[in-house]
Amino acid sequence: MFRKEVVSELRSRVAISSVGLFALTTLVAVAYQIGPYRIHEQDRPHLQAALLWIILFFGASSGLPRVFVKEEDAHTAKTLRLAARPGAVLVGKFLFNLLLLLGLEGFLVPLFGVFMGFAPRNLLALLLVLVAGAVGLAACATMVAAIISRATGSSTLFVVLAVPLVLPLLVFLIQGTRMAATTPDLTAIGPALQAVSSLTGVTLVTSGFLFPVVWHD
Amino acid sequence: MTNGKKVALALLFFWFCLVIWAAFFYAPRAVGFKGESARIVFFHVPQAWVAVLAFCVNLVASLRFLRHRRLLDDARAAAAARLGLLFAVLATVSGSLFAKVMWGSFWNWDPREISIAILLLVYAAYFALRQAVNDPERRGSLAAAYAILAFVTMPFLVFVVPRIYWSLHPDTIISAQGTVNVQMEPRMFQVLLGSVLGFSGLFWWLYSLEVRLARLNLWREHGGE
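Residues numbered from 1 in each chain as written. Chains lettered and ligands numbered in written order. Predicted model: local features only at pLDDT ≥ 70, side-chain atom pairs only at ≥ 80, totals over all residues. Heavy atoms only, no water.

Within chain B one finds 6 helices and 0 strands. Each helix and strand of chain B, placed in order from N terminus to C terminus, yields the pattern α-α-α-α-α-α. In chain B, which comprises 225 residues, the share counted as buried stands at 45%. Looking at chain B alone, contacts between residues at least 24 apart form 72% of all its contacts between residues at least 6 apart. Counting every atom, chain B has about 11,900 Å² of accessible surface; 69% of that belongs to carbon and sulfur. (Helix = DSSP H or I, 4+ residues; strand = E, 2+ residues; numbered from the N terminus. Buried < 20%, exposed > 50% of the residue type's maximum accessible area, 1.4 Å probe, protein only. Contact = heavy atoms within 4.5 Å. Areas by Shrake-Rupley, 256 points an atom, 1.4 Å probe, with all protein chains shown as cover.)

Given below as structure tokens:
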């Protein structure tokens, strides 16, 4: 399933280009209007952490729902239901979304550092928060994408449904990123990382139980 | 309406009159608050409690729908969510009025305020999803899946976020150390408990009306379950 997703995406490159361009446009708009020097020194870590995750989430939201929406649009969902077990479909789509998010972070975070003057005090801590965030966002977004693909007006519905679910996750991710930007101590991100991991774990387990219902209905 | 229901409704009405009287005349004036503003707690906390109770009822009805596939269970889940949304709005409004009096601003981005705002967003998203699906059975299963997914994230908002961030709200009854922490004058606590009971009764009465209405609608549309 994961290989099918990657091959299919490499053929069209719709998700990669929409996610990348949307995130880049948002970053340029934010950096042009705010930039690093319009924020007070003491407010920088807090505001930059919040802006980074807002840009990442809204950039990703243009591509994450595609994993399921494209199957319904291309009328391939029925074949997929016959060809693969629900668990395999969920894992494959989740891994693809995770790869997409990690790619987006790899592309956007260095640019964010350059445009916004964002320099973490502990790079390893930031990397851990980014990876945990990508896993959490991919878990939540994949399940929401599965739900909205069965409804009408699905592209607008994704953000409406996903935002309330990812908000707690974003709160902890912003806190972790702020800690990585302000202190060299790796243990400072511990509470945020624990909260993100538990929330991700709960979301993944619940999705595992709910997905067959959503997929076969 | 049966005689038993009439008596229950009259009791609920009498109980609410008693709670309103007790909130203003039996409970003493709280120390450290501006004027009589603290008395709003007797209405604000039960409204927030009912919003969470409705969320739990929505979860149970959603699970029942996924198990038995009865449209009435989906209607029960939707009724609970509708009432939960109403009580969440009431809790937000009453809390904002208190915040304006005490802290000079209707909204302070307190962790508890964020929790109720997200609860409102979840309920709103739940109804947006319901409106976007035409087939009743599919609507039921998608809405149930979303409700269950949303429910599992709520403990993080209600229990974890307020313990990480500083809050304007007082400490929760069950503290971070797991001890029971009631720092309320006994008469105030009695009124608060009475109000929680009254609001829960009000919720069940409104909920039973909604479910009866849904049952009639289903009977009219499908000729019974």
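Moving on from the model shown.
As a further point, take the nonpolar core. Nonpolar side chains in soluble globular proteins tend to end up buried together. Residues A:Trp53, A:Ile147, A:Leu161, B:Tyr126, B:Leu129 and B:Tyr146 are the most contacted members of the largest nonpolar core, which totals 136 residues. Considering every element that reaches this core, the biggest residue donor is helix 7 (residues 123-148) of chain A, with 17 residues. (Core = buried A, V, L, I, M, F, W, Y, C linked by side-chain atoms within 4.5 Å.)

Residues and elements named next belong to chain B. Across the interface, helix 2 (residues 41-68) lies against helix 3 (residues 71-103) with an axial gap of 7 Å and an inter-helix angle of 165°. Taken together, the axes of helix 2 and helix 3 lie roughly antiparallel to each other. Of the two possible hands of crossing, helix 2 and helix 3 adopt the one that is left-handed. When grouped by side-chain class, the residues that make up the contact of helix 2 with helix 3 number 15 nonpolar, 8 polar and 4 charged. (Axes fitted to C-alpha atoms, helices over the stretch in contact; angles between N-to-C directions. Parallel < 35°, antiparallel > 145°, perpendicular 65-115°, else oblique. Left-handed = near helix turned anticlockwise from the far one by under 90°. Nonpolar A, V, L, I, M, F, W, Y, C, P; charged D, E, K, R; others polar.)

Moving on to the interface of chain B and chain A. Residue-level contacts link 27 residues of chain B with 28 residues of chain A. Summed over both partners, the interface of chain B with chain A comes to about 2,600 Å²; 79% of that surface belongs to carbon and sulfur atoms. For the interface between chain B and chain A, the tally reads 0 salt bridges. Between the two partners, chain B and chain A, sit 2 residue pairs in polar contact (both at pLDDT 80 or more). In terms of residue count, helix 5 (residues 136-164) of chain B provides more of the side of chain B that touches chain A than any other element does, 16 residues in total. The residue makeup of the side of chain B that touches chain A, split by class, is 22 nonpolar, 2 polar and 3 charged. (Buried area = accessible area lost by both parts, 1.4 Å probe. Salt bridge = Lys/Arg side-chain N within 4 Å of Asp/Glu carboxyl O. Polar contact = N/O pair within 3.5 Å; in protein donor to acceptor, adjacent residues only side chain to side chain.)

Once that is clear, we can look at the packing of aromatic side chains. By the definition in use, this model includes 17 aromatic pairs over all chains. Their ring planes at 85° and their centres at 5.3 Å tell us that B:Tyr126 and B:Phe127 sit as a pair that is edge-to-face. By relative accessible area, which is 17% here, B:Phe127 ends up buried. A connected cluster of aromatic rings, assembled from ring pairs, spans A:Phe68, A:Phe211 and A:Trp215. Sitting over the ring of A:Phe68, A:Lys93 keeps its end group 5.4 Å from the ring centre. (Phe/Tyr/Trp six-rings, centres within 6.5 Å; stacked < 30°, edge-to-face > 60°. Lys NZ or Arg CZ within 6 Å of the ring centre and 35° of its normal.)

With that out of the way, let us pick up the pattern of salt bridges. In a structure, side chains of opposite charge can pair up when their charged atoms sit close to one another. Residue and element names in this part refer to chain B. With the rule as written, the count across this model stands at 17 salt bridges over all chains. Residue Arg69 is joined to Glu137 by a salt bridge in which the shortest nitrogen-to-oxygen separation is 3.9 Å. Here Glu137 lies in helix 5 and Arg69 lies in the loop between helix 2 and helix 3, a separation of 68 residues in the sequence. In this structure, Asp74 engages Arg130 in a salt bridge whose closest nitrogen and oxygen atoms are separated by 2.8 Å. Of this pair, Asp74 sits in helix 3 while Arg130 sits in helix 4 (residues 111-131); the two residues are 56 residues apart in sequence, bridging distant segments of the chain.

All names here are of chain B. Position of Val52 relative to the elements: it lies in helix 2. The partly exposed category is assigned to Val52, whose relative accessible area is 38%. Spatially, the C-alpha atoms of Val52 and Ala145 are 18 Å apart, while their sequence positions differ by 93 residues.

As a further point, take the state of the cysteines. Inspection of the entire model under this criterion finds 0 disulfides over all chains. In this structure B:Cys56 is a free cysteine whose sulfur lies 20 Å from that of A:Cys140, the closest cysteine sulfur available. Looking at B:Cys56, the relative accessible area reads 31%, which means it is partly exposed. (Disulfide = S-S within 2.5 Å.)

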